[in-house]
Amino acid sequence: MSLAVIHTRAQLGIQAPPVAVEVHLSGGLPSMSIVGLPETAVKESRERVRSALITAGFEFPQRRVTINLAPADLPKEGGRYDLAIAIGILSASGQLKGWKASPTVEMLGELALSGDIRPVRGILPAAVAAGKVGRALVVARENADEAMMAEGTEVFAAGHLLELVAHLTRQQQLPACVPGDVDDAVATVPDLADVKGQLQARRALEVAAAGGHNLLFSGPPGSGKSMLAARLPGLLPPLATEQRLEVAAIASVSGQSVAPACQGMRPFRNPHHTASAIALVGGGSHPRPGEISLAHQGVLFLDELPEFSRRVLEVLREPLETGEILISRAARQTRYPARFQLVAAMNPCPCGYHDDGSDRCLCTPDQIRRYQMKISGPLLDRIDLQVQVPALPAATLLQSSAVAETSATVRERVMAALALQLARQGRMNRELSGRELEQVCTLDGATEALLVRVMQQSQLSARGCHRLLRVARTLADLAGQERVERGQLLEALAFRGLAGGGSC
Ligand SMILES: Nc1ncnc2c1ncn2[C@@H]1O[C@H](COP(=O)(O)OP(=O)(O)O)[C@@H](O)[C@H]1O
Ligand SMILES: [Mg+2]
């Protein structure tokens, strides 16, 4: 037989669409060509596969070898097709005695010139997809643990081409992979109990967690802003099952460990302010997920917010609105999920010590204004909670930490408040539009009069008012109350905007 078809998978966003590798041998001068929209790295497959076959002791067919990667309109990159191509050539040239190219198994791996099978990215989505159509998956040994995260998919792991051939020709079976001991030592999430004092900032974290609100901390260096931000993921409920797979798939195509997501941990991403727009939102010639997608269903922490370039921050607006990012490159578009919660931190002025009770700050009012203006209004509009974090008095820092609540205690209240929101409106308060707010945020006469007075006095815009009401709604949910009361409105006011001219 001079035709073989081997099944494998491409990678498109976090999907793994099927690809058939068709290998045909025909008469004519010995040659080898790959068709079906292969990119440079796939074309290099020719040399890798040829060397791997020869070093492993096989014969490279002295015929015309045509390899078609179907469907042709699917972009293909990287060395992930090597293994399927090599097995296709061996099968078509009759070197796999007793094995018929089987539609029930898929293969995914790159080949080293020695014939070793190398790991590739995006194994988890491929394993999930293969399992859904009832096929087993052969991967590199290093990819086995990740593939096994796809429950219900039969996985075989091979270290070398010869091991796989021995398996296919029934000389020596590869052991079917068994789920490894999932690392019980879950990386520890920092706990709120470590934070001393800072009652308002702690409360803001709880409110942010309970309503999905974005949050901005402003305060001098060393006041604990980074410390507080890192504790938000631990206040959120663990990832639900379908969220785990999605978050793990993003990690998988980024070449990162899928284990934390598979254990239900919420991501926490902390890109530096020098990060490029591509690093932040994703991109490249083969669009990779950026930080906002790696933070999907978790927290994106932007420390030193005014230091980020405006252009970079602008690109956050779309995903903050839609929960996903569409990356367009040449004729191709890739969509990655990006439903993250934003926590930002900033100093109040360039030196950081403005208004900290000392006279250290030498910044001029104009410098301070320009510094705060660096953050665009539209971005601030999407941050419901804007909170000052003052420097911690030495006495508080030295006091025993036994008094502080733990993350677990706070998380219980957060989950109860989230459950109320889901039952009432099917989503988090953060996502409530102005019209929905009117329905779910009714105020009694006196409280409404208070709101009207505040709006007039502080020239609160309609947007600012909505921000206020969304936070007040979450405060009422945390208190388990159906109606937003005066105390909650007052507390929401205390969380009022501080940067960008205090437009609330
Ligand atoms: N409220 C606090 N409770 C306990 N430790 C604190 C607190 N605030 C600051 N620290 C200590 O100071 C260090 C610096 O805090 P950090 O979060 O980096 O400040 P910032 O980000 O505001 O500059 C922390 O690692 C922690 O050791
Ligand atoms: Mg910091």
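Remember, it's a predicted structure, so these values are computed and weren't measured experimentally.

The next subject is the site of ligand 1. Taken together, 14 residues form the shell around ligand 1, and within it Lys 196, Gly 222, Lys 225, Ser 226 and Met 227 come nearest. Between Lys 225 and ligand 1, the recorded distance is 2.8 Å, taken from a side-chain N or O atom to an oxygen atom. Contact between ligand 1 and Met 227: an oxygen atom at 2.8 Å from a main-chain N or O atom of the residue. Its free accessible area being 560 Å², ligand 1 has 67% of it covered by the protein chains. Here the shell around ligand 1 gets three residues from one element, more than from any other, and that element is helix H8 (residues 225–229). Residues belonging to the shell around ligand 1 are distributed by class as follows: six nonpolar, five polar and three charged.

Before going further, it helps to examine helix H6 (residues 161–168). Counting buried positions along H6 yields six of eight residues, so the element is predominantly enclosed. Of the residues making up H6, those classed as buried are Leu 161, Leu 164, Val 165, Ala 166, His 167 and Leu 168. Just downstream of H6 lies Arg 170, where phi reads positive at about 65°.

The final tally for this structure, using the stated rule, is 23 salt bridges. Across the pair Glu 431 and Arg 339 runs a salt bridge, and its minimum N-O distance is 3.6 Å. Of the two residues, Glu 431 sits in the loop between helix H18 (407–425) and helix H19 (434–440) while Arg 339 sits in the loop between strand S16 (332–337) and strand S17 (341–346), which places them 92 residues apart along the sequence. The class of Glu 431 is partly exposed, set by a relative accessible area of 28%. Overall, the relative accessible area of 36% leaves Arg 339 in the partly exposed class. Each of Arg 9, Glu 106 and Arg 135 takes part in salt bridges that share partners, so that together they form one network.

On to the sheet that holds strand S11 (residues 268–269), then. Think of a sheet as strands paired side by side through backbone hydrogen bonds, with each pair either parallel or antiparallel. Pairing in this open sheet of five strands is parallel, and the strands run S11-S14-S17-S10-S18 from one edge to the other. Whereas interior strands pair on both sides, the edge strands pair on one side only; in this sheet they are S11 and strand S18 (385–388). Of the strand pairs in this sheet, strand S14 (residues 299–302) and S17 are connected by four bridges, and their pairing is parallel. Paired with Phe 301 across the bridge in S17 is Val 343. Relative to S18, helix H7 (residues 199–211) is tilted by about 165°, and along the sheet it contacts strand S10 (215–218), S17 and S18.

Looking now at helix H9 (residues 241–253). Its 13 residues place the ends of H9 19 Å apart at the C-alpha level, agreeing with the 18 Å of an ideal helix rising 1.5 Å per residue. Listed as buried for H9 are Gln 243, Val 247, Ala 248, Ala 249, Ile 250, Ala 251, Ser 252 and Val 253. Here the buried face of H9 lies against helix H4 (123–132), helix H5 (144–148), helix H10 (259–262), strand S13 (288–289), helix H12 (291–294) and S16. Of the residues flanking the end of H9, it is Gly 255, one or two places downstream, whose phi is positive at about 75°.

Below, the discussion takes up the domain arrangement of the chain. Looking at the assigned domains, one finds that the chain contains domain 1 (3–168) and domain 2 (192–494). A straight line from the C-alpha centre of domain 1 to that of domain 2 covers 44 Å. Taken together, the contact between domain 1 and domain 2 spans 14 residues of the former and 19 residues of the latter. Between domain 1 and domain 2, roughly 1,400 Å² of surface is buried when both sides are summed, and carbon and sulfur atoms account for 65% of that area. Of all residues in domain 1, Ile 14, Arg 121 and Met 149 give up the largest surface area on contact with domain 2, accounting jointly for 39% of the area buried on that side. At the junction of domain 1 with domain 2, the criterion picks out one salt bridge. The residue Glu 77 makes a salt bridge to Arg 288 at a minimum N-O spacing of 3.6 Å.

Definitions and cut-offs
- Residues numbered from 1 in each chain as written.
- Chains lettered and ligands numbered in written order.
- Predicted model: local features only at pLDDT ≥ 70, side-chain atom pairs only at ≥ 80, totals over all residues.
- Heavy atoms only, no water.
- Near = heavy atom within 4 Å.
- Polar contact = N/O pair within 3.5 Å; in protein donor to acceptor, adjacent residues only side chain to side chain.
- Areas by Shrake-Rupley, 256 points an atom, 1.4 Å probe, with all protein chains shown as cover.
- Helix = DSSP H or I, 4+ residues; strand = E, 2+ residues; numbered from the N terminus.
- Nonpolar A, V, L, I, M, F, W, Y, C, P; charged D, E, K, R; others polar.
- Buried < 20%, exposed > 50% of the residue type's maximum accessible area, 1.4 Å probe, protein only.
- Salt bridge = Lys/Arg side-chain N within 4 Å of Asp/Glu carboxyl O.
- Pairing = 2+ DSSP bridges.
- Contact = heavy atoms within 4.5 Å.
- Axes fitted to C-alpha atoms, helices over the stretch in contact; angles between N-to-C directions.
- Expected span 1.5 Å × (residues − 1).
- Domains from an automatic or database assignment.
- Buried area = accessible area lost by both parts, 1.4 Å probe.

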